[in-house]
Amino acid sequence: MTSKIWGGRFAAGPSAIMEEINVSVGFDQRLAKQDLHGSRAHCTMLVAQGIVSKEDGDAIQEGLTRIEKEIATGNFLFKRALEDVHMNIESRLADLIGAPAGRLHTARSRNDQVATDFRMWVRAAIETLDDEIRKLQAVLIDKAEAHAETIMPGFTHLQAAQPVTFGHHLLAYVEMFGRDRGRLNDARKRLNECPLGAGALAGTSFPIDRALTAEKLNFDRPMANSMDAVSDRDFALEFLAAASILATHMSRLAEEMVNWSSAQFGFIRFTDAFSTGSSMMPQKRNPDAAELVRGKTGRVFGGLIALLTVMKGLPLTYSKDMQEDKEIVFAAFDTLELCLAATAGMVEDMAPDAKRMLASAGAGFTTATDLADWLTRVLNIPFRESHHVTGKIVKLAEGKGCDLAELTLAEMQAAEPRITQDVFKFLTPEASAASRTSFGGTAPQNVRAQVKDARLRFLTKDGTR
């Protein structure tokens, strides 16, 4: 059977193996909406330029509308023999309206067609993810506000370092996710140029209006170089790069949730909605959702490396290798969309144990820096000397098996005679956190201000401070 896709040059259709490796309609049918949108705009431009008659243009538009309804209702049959979504739609259009369907492909190639469809799909994916990240930020901000005064240990090297507020800790992730939104939206700005009209690689001899097509498809402008237009996949790589950083941030938060929910930490508890039991150990409550968010990060990373590998050795312009781009991007989007919803659900679901957090915040001499600061601020001792004095006091407390605040004044004065009773007011976790009032610091009053600012920057339309 002669291939309808490749025309009269090929006397026989592809072998079963060739068809299996070549066919893409199983995954690229996700581009159907974008393909129809692009075809409508292309048809409108062809009619406006007098390249296609109004009668044929009307028939094409009517046929595309019928196909859209068939796809929406699940009545469109995607055929593997037609290779991809583009040829499936073109073939069905021919079935519906006959000869005029053949005029739709005037002055375009599947190369610029798929590049346009894919850009529109990624653009829409970015908009969806931006909305999902915003929802996650909203949940984090609400939880942070509710726990502006809840004290917990802050860590470095996973060792208790200084007391912080739980609200402050959560707001750190709000900032991370804000940068993720910025990266995705930067990528959206760069991808918003239209390849349609670039043809296979060299443009076309027909008097097309690429600016009109770009406008109809909500692109900022046509791509300037026809070879670049069909061969570029920077937009997909940028999407995957931003996606990988976003996945990293969700994984870090998931890791903290896994730690916090353990019996050893006991900082938070999940309900049955976001935890599971053990088939053998009846006491277990496993943070499976957090672990899966953490684990799925590798899929997103893998997609970025896979597409970088595909693109690194390709000469201009189009090569069939580039068909590998879509499944990678689709999978990354699906993974992120699910993980964002799961992460938002976990943040909303988790119940902090404020007493356990506070007790842990005071362990491990976390107020040692506050003692050193007091020595410098009140006694005017250079900080390096204060650091040394504090170290001696910590060693004394460590030897006695007590906290700094449990030492006597006399014991402290043995290390520095000028220390007064006043120092003990600054050695509780609550006092330590409350004292951190510098911009960006953890003090409860700061957290409340940061919550207000975060709502303005991330949850309002203009996003201005």
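The residue numbers shown here count from 1 along each chain, following its written sequence. Only residues with pLDDT of at least 70 are given local features in this predicted model, and only at 80 or more are side-chain atom pairs given and counted; all residues enter the totals for whole chains, interfaces and linings. Only hydrogens and water are set aside; all other atoms, that is, all heavy atoms of the structure, feed into the side-chain values.

**Q** I'm lost on the overall build of the chain in this one. Help?
**A** Each helix is a run of DSSP H or I of at least 4 residues and each strand a run of E of at least 2, with the numbering of both proceeding from the N terminus. Across its full length, the chain holds 18 helices and 6 strands. Here the globule rule reads 2.2 Å times residues to the power 0.38, and the radius of gyration is calculated from C-alpha atoms. Against the compact-globule benchmark of 23 Å for 465 residues, the chain has a radius of gyration of 30 Å, which places it well outside the compact range. Structurally, the chain occupies a C-alpha span of about 100 × 50 × 40 Å along its principal axes. A 1.4 Å probe rolled over the protein chains alone gives each residue an accessible area, and that area as a share of the maximum for its type sets the label: buried under 20%, exposed over 50%, partly exposed in between. The buried share among the 465 residues of the chain stands at 48%. Throughout, the Shrake-Rupley method with a 1.4 Å probe supplies accessible areas, and for residues the shown protein chains are the sole cover considered. Summing over all exposed atoms, the chain offers an accessible surface of approximately 22,400 Å²; the carbon and sulfur share of this is 54%. The average position of the 55 basic charges and that of the 60 acidic charges among the side chains of the chain differ by 1 Å. In this tally, Lys and Arg are treated as positive and Asp and Glu as negative; His is ignored, and so are the chain termini. Think of each charge as sitting on NZ of Lys, CZ of Arg, CG of Asp or CD of Glu.

**Q** Would you mind going over the nonpolar core with me for this structure?
**A** Most often, soluble globular proteins keep nonpolar side chains buried together rather than apart. Residues grouped as a nonpolar core are buried Ala, Val, Leu, Ile, Met, Phe, Trp, Tyr and Cys residues, joined through side-chain atoms within 4.5 Å. The biggest cluster of nonpolar side chains holds 87 residues, and the ones touching the most others in it are V122, L140, F177, F239, M257 and I268. The dominant element in this core, judged by the number of residues it contributes, is helix α10 (residues 234-260), at 15 residues. Ignoring any residue separated from it by four or fewer positions in sequence, one finds F239 in contact with V122, A125, I126, L129, L184, V329 and F333. Of all hydrophobic cores here, the second largest spans 19 residues; its members include W374, L375, I419 and L427. The contact criterion used is simple: two residues touch if any of their non-hydrogen atoms lie within 4.5 Å.

**Q** I would appreciate a short explanation of the pattern of salt bridges in the present structure.
**A** Pairing is possible between side chains that carry opposite charge, provided their charged atoms lie close to one another. Salt-bridge detection follows one rule: a side-chain nitrogen of Lys or Arg within 4 Å of a carboxyl oxygen of Asp or Glu. One pass over the structure, following the stated rule, counts 30 salt bridges. D180 is the partner of R183 in a salt bridge, and the nearest nitrogen-oxygen pair spans 3.2 Å. Placement of both R183 and D180 in helix α7 (residues 166-191) is noted, with a separation of 3 residues, approximately one turn of the helix. Here R457 and D453 are joined by a salt bridge, their closest N and O atoms 2.7 Å apart. Here D453 and R457 lie together in helix α18 (residues 444-459), a separation of 4 residues that amounts to about one turn. Its relative accessible area of 21% is what places D453 among the partly exposed residues. Where salt bridges share partners, they join E83, D84, R110 and K320 into one cluster.

**Q** What is the right way to look at the packing of aromatic side chains in this model?
**A** Two descriptors summarise a pair of aromatic rings, namely the distance from one centre to the other and the angle between the planes of the rings. Pairing of aromatic rings covers Phe, Tyr and Trp, the last through its six-membered ring, and needs centres within 6.5 Å; plane angles under 30 degrees mean stacked, over 60 mean edge-to-face, and all others mean tilted. Scanning the entire structure with this criterion turns up 9 aromatic pairs. Between F265 and F267, the ring centres sit 5.3 Å apart and the planes meet at 85 degrees, which makes this aromatic pair edge-to-face. Of the residues examined, F267 reaches a relative accessible area of 1% and is grouped as buried. One aromatic cluster is present, formed by F118, W121, F235, F330 and F333 through successive ring pairs. When the NZ atom of lysine or the CZ atom of arginine is within 6 Å of a ring's centre and also within 35 degrees of its normal, the charge is said to sit over that ring. Between R30 and the ring centre of F330, over which it is positioned, the NZ or CZ distance is 4.8 Å.

**Q** Would you mind showing me how to read the environment of A48 here?
**A** Within the secondary structure layout, A48 lies in helix α3 (residues 32-48). In the structure, A48 is positioned 159 residues away from P207 in sequence and 10 Å away in space, judged by C-alpha atoms.

**Q** Even after reading the chapter, I still don't get the state of the cysteines, so can you show me in this structure?
**A** Cysteine sulfur atoms are paired as a disulfide whenever they fall within 2.5 Å. In total, this model carries 0 disulfides according to the counting rule given. The closest cysteine sulfur to the non-disulfide-bonded C194 is located on C43, 15 Å from its own sulfur. The exposure class of C194 is buried, given its relative accessible area of 1%.

**Q** Just to check I follow, could you spell out helix α15 (residues 383-400) for this structure?
**A** In an α-helix, one full turn covers 3.6 residues, which means residues spaced three or four apart are oriented alike. In this scheme, a helix's expected span is set at 1.5 Å multiplied by one less than its residue total. In this model α15 runs 25 Å from its N-terminal to its C-terminal C-alpha over 18 residues, within 8% of the 26 Å that 1.5 Å per residue would give. Elements that come into contact with the buried residues of α15 comprise α14 (368-379) and α16 (409-415). Directly beyond the C-terminal end of α15, a positive phi value near 70 degrees is found at G401.

**Q** I would appreciate a short explanation of unusual backbone geometry in the present structure.
**A** For residues that are not glycine, phi is negative in most cases, and the peptide bond is trans in most cases. The residue after L316, namely T317, is reached through a cis peptide bond having omega 10 degrees. Structurally, the position occupied by T317 is in the loop between α11 (288-311) and α12 (325-349). Phi at N218 takes a positive value of approximately 65 degrees, unusual for a residue other than glycine. Assignment of secondary structure puts N218 in the loop between α8 (210-216) and β4 (221-222).

**Q** Just checking my understanding: could you explain the side chain of T116 for this structure?
**A** Here T116 is to be found in helix α6 (residues 110-146). Judged by its relative accessible area of 1%, T116 falls in the buried class. The residues contacting T116, other than those within four sequence positions of it, are C194, P195, L196, L217 and F219.

**Q** Would you take a moment to explain the pairing of strand β1 (residues 151-156) for this structure?
**A** Regular strands have side chains that alternate between both faces of the sheet. By the bridge criterion, 6 bridges tie β1 to strand β2 (residues 159-165) in an arrangement that is antiparallel. Looking at the pairing, M152 lines up with V164 of β2. Paired strands, as defined in this entry, are two strands with at least two bridges between them according to DSSP. The turn linking β1 back onto β2 is made up of 2 residues, and H157 within it adopts a positive phi angle of 60 degrees.

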